[in-house]
Amino acid sequence: IMVLTDPEFESSVLISTDEGASYQKYRLNFYLLSLLFHPTEEDWALAYSHDQKLYSSVDFGRKWQLIHEHVTPNRFYWSVTGLDKEPDLIHMEAHTPDGNVQYVTCRAQMCTEANRNYPFPGYIDISSLVVQDDYIFIQVPTSGRATYYVSYKREPFIQIKLPKYSLPKDLHIVSTDEKQVFAAVQEWNQNDTYNLYLSDTRGIYFTLAMENVKTTRGIGGNQMLDLYEVAGIKGMLIANKRHDNQVKTYITYNKGRDWRLLQAPASDLEGNDIHCILPFCSLHLQLQMSENPYLSGTISTKNSAPGMIVATGNIGAELSYNNVGMFISSDAGNTWRPIFEEEHNIWFLDKGGALVAVKQPSVPTRHLWVSFDEGRQWTQHSFSSVPLFVDGVLVEAGAENQIMTFFGHFSHRSEWQLIKIDYKSIFSRKCTEEDYQTWHLHNQGEPCVMGQKQIYMKRRPGNYCMLGKDYSRILSAESCICRAHDFECDYGYERGSDGNCKPAFWFNPSTVSRSCSQGQNYFNSTGYRKVVLNNCTKGVKELYTPRKQQCPNRPPKGLLLTTKDGKLTASLGSNVTFMVHLDEGDSLRTNIQLDFGDGTAVSYSNLSWTEEGIKHVYKSAGIFRVTAFAENTLGYDTTTLYLHVTCPVEHVQLLAPFVVIRNKEVNITAVVLPSHSRTVTYFWWLGNNTEPVITLDGSISHTFQSEGMHTITVQVAASNTILQDTKTIAVKEFFKSLLLSFSPNLDEFNPDIPEWRQDVGRVIKKVAEFPEEQLLVAVFPGVPTAAELFLLPYKNQSEGKKKSEEALERVWVSLSEIHEDALNQNLVEFELKPGVRVIVYNTQLTLAPLVDSSPRHSSSAMLMLLSVVFLGLAVFLIYKFKSRVLGCNLLMNVNLGLRLHSLRNTTTPLCACTNTAPAREMVI
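Residues numbered from 1 in each chain as written. Predicted model: local features only at pLDDT ≥ 70, side-chain atom pairs only at ≥ 80, totals over all residues. Heavy atoms only, no water.

- Where an unreviewed UniProt entry is consulted, the chain appears under the name Sortilin related VPS10 domain containing receptor 3, with the organism given as Haplochromis burtoni.
- Its UniProt record, at the heading Sequence similarities (unreviewed entry), says of the chain: "Belongs to the VPS10-related sortilin family. SORCS subfamily."
- Recorded under Subcellular location (unreviewed entry), the UniProt text for the chain is reproduced unchanged: "Membrane". (UniProt positions renumbered as here; feature names shortened; annotations may be inferred.)

Okay, here's the thing in structure tokens:
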């Protein structure tokens, strides 16, 4: 016995090996959420923790070993006996560090990275791994559609083939235990119903068995399919189908090949006749399985009691949840009888030899009812002196143990009560041969069910004897002659109104498998396939069985080129696997050529060499035209795929002028590193635009129509990466600028980062003590270091542009004459750091905006200080001139932290003013 402690207090397991007489505590270093025990090795267990880690134990939980991190909840499985080579093999769905999901296998105690295997080479969808019986299923996202793959008996994965236009939104594996897969598929035009599909033995080719099967939402919010597989009789299913806004119950005896309504009982519990005529009126059953494993649910069958079905239902035109009762069938759904007017839970006792019934838990009871004649008569027994709310019943499975345990509560405040009932005393003796009778399985009188006549041995109703341990259910089974109802439509075929299988409009029956080569044989479908596990022989079997034919010699046709993961993108340097498929043509006599589009190509003498895929690694990013060419002596076929090979962008730099003229077109460029070819998308936000302009080119032209400071933002998207850069541009009617350069020693200390350039410009503007809107400083990126000073007009100078521009021009020319001499004589310098002095040079004086559109490759802007200094001097003069403040020491009083040497051989003052000058003129 293993007992788990409450994780709110501690994380431990208590283990007993003496039937609970004593326990030993073992502490855990993780919080355990769920356990999965091995199907045959009772001491082996898997534990799943709250942080998505999977652990294994081979000593019944005393010691645990970490298997894998980031495992998907409920997507881990033990090995299947007879299929997996190692009994301790584990199948699981695990997440990679980058967020993708993979199917991983390893051994329980040897799960290091080196010992892990990846049976499916690509990534899969989360929560899609299903390991069940002979099959393994996964789902792969492909071009926005779900694609499903199956592995039969651990063979390589093959894509599941549903009808071409089913286009599933959701798929659930219903059953795999009868050498066939039952799948519920919600198609593109369905919301609360699913279609039921059945596969061939390998689980690859699926055909439609029933449309619009109803679903019911469970307590946990999961969709539960109203489909029930009857235990004890293979091929028998019951389903609720929605048609014209009505839900009706149907039954099949040949795995969905044929369906019919249920015949209602002939009379009610009082013996009154029930007038219910098919197809307008029938019996409808609720098919929900109980989410409480100790309650029976709304329908019950058992392998040891073939042909007996007990269910909750109603009689009428459609399924209803009002005025329901309990019904039973003793002959596998051919006829039905009512047994209770209220809902009950029903359990099978003594291998189905007896039935026990208890009212639903919502009603307290002191009684149970037992029947020995398949529900015809019931005897009441009292099991408690106080009415009990029955929460569940545990029926012991032992052959010699006739004990069932009731548990429940007397009131909603009381504790649980457990009551053991030994029902052995109600049997008078063990059954003998005279107590049995034969029962022939049939479908509305038809004795051949699933291709054979089956005779069962059942206890005679009313005999109060106990079935023996060696009780055998099937007495004999004899094969029948094959008839039409033993065959269903093959993949690509649909049943017409005349009952015959005809090709669907999308299916070409003349298509021969590409593996068919000249001189070989293949099986040409007749449009039919035998129902799986049907045991009929002879008859029409030869007519409906696929015919063996010789492979024709055909030209290549239907050449298809895809990537293995179905994606049209790949990361630079990754291994891309191309798959070549040919619908028609001799694969062994067809040459295949594949041009990867990057100057390399491969060729194969026949298609069979490409079955595992053709791998290629691209060494550069771009969009590549991949072409496949198939050719034989009769013709050729070709197809093309365009593959986007991308790598993440690491850096983006927006290059734009610092100042532009209003209503004049300007070029803006985004430089991306590493450089990409046609694989980057650019998103531009210009000015006050709320929606971006999207381009595939890294340059764009734009015209600003209003003055002011405008923000430009560019985002570049490549692969899964998006980077952004932003610049601010001043838009003016006119401006002047001065280009500056610096002595080479500055380049040694230039870190070439935007923050440094911005900080330098901001410091200069602060020291200059000028209105901020008149001065703009820009240090260019890269080396050699260069800068530009912009002198901007006042805001109120936009009007009267000509007069203002003339005034600005006069001041600028006057300033330039002074500073040009100083710059040309190397008299302007500043100290970058102790011992390092930088000289500023005048590079060019411009009368129009200058735009630097070519990227430089490394530097920035301490020298901006100097350029801003001189711009500050110029602006200061204009500012003082505007304020009519005249002084001979005008320039010398500007403290910018720079040394402006006096001109050599100059004895006159640097600046002189006269009172006779006109009021708005300045004499230098």
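Still more ground to cover, so stick around.
### Describing the packing of aromatic side chains
- All told, the structure shown has 30 aromatic pairs when counted by the stated rule.
- A connected cluster of aromatic rings, assembled from ring pairs, spans Tyr 205, Tyr 491, Tyr 493, Trp 506 and Phe 507.
- The side chain of Lys 458 reaches across the aromatic face of Trp 439, ending 4.9 Å from its centre. (Phe/Tyr/Trp six-rings, centres within 6.5 Å; stacked < 30°, edge-to-face > 60°. Lys NZ or Arg CZ within 6 Å of the ring centre and 35° of its normal.)

### Quick look at the pattern of salt bridges
- If you walk through the whole model with that rule in mind, you get 21 salt bridges.
- Two residues, Glu 10 and Lys 25, come together in a salt bridge whose shortest N-O distance is 3.3 Å. With Glu 10 in the loop between strand S1 (2–4) and strand S2 (12–15) and Lys 25 in strand S3 (residues 24–27), this pair connects stretches of sequence that are 15 residues apart.
- Residue Glu 10 is classed as partly exposed on the basis of its relative accessible area, which comes to 22%.
- Residue classification places Lys 25 among the partly exposed positions, given a relative accessible area of 41%.
- One salt bridge connects Asp 88 with Arg 107, and the closest N-O pair in it is separated by 3.0 Å. Of this pair, Asp 88 sits in the loop between strand S8 (71–78) and strand S9 (89–95) while Arg 107 sits in strand S10 (residues 101–107), and the two are 19 residues apart along the sequence.
- Exposure remark for Asp 88: the relative accessible area of 11% places this residue in the buried category.
- The class of Arg 107 is partly exposed, set by a relative accessible area of 32%.
- Taken together, the salt bridges that share partners define one network made up of Glu 10, Lys 25 and Arg 27. (Salt bridge = Lys/Arg side-chain N within 4 Å of Asp/Glu carboxyl O. Helix = DSSP H or I, 4+ residues; strand = E, 2+ residues; numbered from the N terminus. Buried < 20%, exposed > 50% of the residue type's maximum accessible area, 1.4 Å probe, protein only.)

### What about the environment of Lys 241?
- Mapped onto the fold, Lys 241 is located in strand S21 (residues 237–243).
- Sequence separation of Lys 241 and Leu 319 is 78 residues, and the distance between their C-alpha atoms is 9.7 Å.
- Residues within four places of Lys 241 in sequence aside, it is in contact with Met 210, Glu 211, Asn 212, Val 213, Gln 246, Val 247, Lys 248 and Tyr 250. (Contact = heavy atoms within 4.5 Å.)

### Some thoughts on the sheet that holds S3
- Ordered in space as S1-S2-S3, the 3 strands form an open sheet in which the pairing is antiparallel. Looking at strand neighbours, the two that pair on one side only are S1 and S3, the edges of this open sheet. When the angles between neighbouring strand axes are averaged without regard to direction, this sheet yields 25°. (Pairing = 2+ DSSP bridges. Axes fitted to C-alpha atoms, helices over the stretch in contact; angles between N-to-C directions.)

### Structural notes on the state of the cysteines
- Summed over the entire model, instances satisfying the criterion amount to 6 disulfides.
- The disulfide partner of Cys 106 is Cys 111, and the S-S distance across this bridge is 1.9 Å. Between Cys 106 and Cys 111 the disulfide shows an S-S torsion of about -85°. By sign, it is left-handed. (Disulfide = S-S within 2.5 Å.)

### Observations concerning empty space enclosed by the protein
- Within this structure, the stated rule accounts for 3 cavities of 30 Å³ or more.
- Roughly 200 Å³ of volume is contained in the largest cavity.
- Forming the boundary of the largest cavity are 20 residues, of which Met 308, Gly 352, Gly 353, Glu 374 and Arg 459 lie nearest the centre.
- Counting residues per element, the ones that place at least two in the lining of the largest cavity are strand S30 (354–359) and strand S39 (452–459).
- The element that contributes the greatest number of residues to the lining of the largest cavity is S39, accounting for 3 residues.
- By residue class, the composition of the lining of the largest cavity is 10 nonpolar, 4 polar and 6 charged. (1 Å grid on protein atoms, 1.4 Å probe; cavity = no way out; pocket = protein on both sides within 12 Å on 5 of 7 lines; lining within 4 Å. Points joined across faces, edges and corners; volume = space filled by probe spheres on them. Nonpolar A, V, L, I, M, F, W, Y, C, P; charged D, E, K, R; others polar.)

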